[in-house]
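Letter by letter, the chains look like this.
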Amino acid sequence: LDMHGVLVLQLGVGVVTSVITFAIARLVFAPRVALAGALAAAALPILPFFEAQLVAEAWTTALAQGALLLFLLGTREREPRAASKLAAAGLLLGAAALGRPNVLIVVPVLAAWSWWQGRAGGREARSARSAPAPAWWRALVPVAAGCALAIAPATLHNLRYGEFVPVSANLGVNLLTGHSDEADGLSAIPVGVRWDGLQLEARQRGAVTPGAFSALMARDALAWAVRNPGREWQLLGKKTSLL
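Residues numbered from 1 in each chain as written. Predicted model: local features only at pLDDT ≥ 70, side-chain atom pairs only at ≥ 80, totals over all residues. Heavy atoms only, no water.

> It is not clear to me how the packing of aromatic side chains should be interpreted in this structure. Could you clarify?
Aromatic ring pairs are described here by two measures, namely the spacing of the ring centres and the angle between the planes. What the rule picks out here adds up to three aromatic pairs. With 5.9 Å between their ring centres and 65° between their planes, Phe71 and Trp113 make a pair best called edge-to-face. Note that Phe71 is positioned in helix H4 (residues 57-74) and Trp113 in helix H6 (residues 106-128), a separation of 42 residues in sequence. Overall, the relative accessible area of 32% leaves Trp113 in the partly exposed class. (Phe/Tyr/Trp six-rings, centres within 6.5 Å; stacked < 30°, edge-to-face > 60°. Helix = DSSP H or I, 4+ residues; strand = E, 2+ residues; numbered from the N terminus. Buried < 20%, exposed > 50% of the residue type's maximum accessible area, 1.4 Å probe, protein only.)

As structure tokens, then:
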């Protein structure tokens with residue numbers, strides 16, 4: 001496809017994301033609430049902004065939403081082919097992580113939700129003296145397997161170059177974006193301007209591989225936060241309010 005075709009395709013993916021949002025909300029909320037959520041997703045300016053650029057968000061948002069929909073379907077009682085839906089949810093989530101690795105934060109969130117649901121189901125089973133519900137962690141096994149399978153090509157590629165990095169080594173520099181003298185609590189521009197200088201500084205300090213570079217930047221960011229607690233809380237408060 002040429003650029004025009006790619007942008008039209010990505011805008012179509014955004015429409016699909018709004019429909020998936022409705023399907024997710026319809027499983028857990030009333031129809032009116034689900035429709036309002038879908039309309040909010042369709043009208044959210046940031047989504048078409050990303051869809052009209054060559055960035056990962058148009059696809060990672062749709063994949064992550066699709067994973068959540070399949071997870072909710074797969075964890076319903078007496079759902080046909082539940083294990084297949086849960087494994088597919090993991091595959092979609094892993095594919096989304098190839099574009100934006102931080103989307104993997106969804107995995108512990110799903111684990112916490114499953115544990116909470118398992119506790120509630122256990123209490124209901126005891127009060128009704130019925131058969132106990134399946135262990136809460138069983139739903140996570142096919143999700144984790146599918147997710148690992150999706151990111152395996154990236155992991156194996158990185159192992160060929162001598163480092164165990166599941167997807168990418170961006171954690172440290174992302175932390176530095178939000179925890180440094182140049183951080184404004186809003187943008188990644190400071191690190192973008194400083195990128196070449198950071199890499200040179202890291203090599204001078206002995207961090208010559210991507211993993212070592214990320215670890216060094218992470219230590220620098222955390223050390224800055226400890227040295228500047230007032231500024232750190234100010235930045236965290238701004239990010240929380242924006243979120």
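> How do you make sense of the nonpolar core when you look at a structure like this?
Soluble globular proteins tend to bury their nonpolar side chains together. Core analysis: the largest hydrophobic core is formed by 15 residues, its most contacted members being Phe71, Leu86 and Val103. At the level of secondary structure, the elements contributing two or more residues to this core comprise H4, helix H5 (82-99) and helix H7 (140-160). Counting residues per element, this core draws most heavily on H5, at five residues. Beyond its immediate stretch of four places on either side in the chain, Val103 contacts Ala64, Leu93, Ala96 and Ala97. Core analysis: the next-biggest nonpolar cluster, separate from the first, contains 10 residues, Ala207, Phe213, Leu216 and Ala221 among them. (Core = buried A, V, L, I, M, F, W, Y, C linked by side-chain atoms within 4.5 Å. Contact = heavy atoms within 4.5 Å.)

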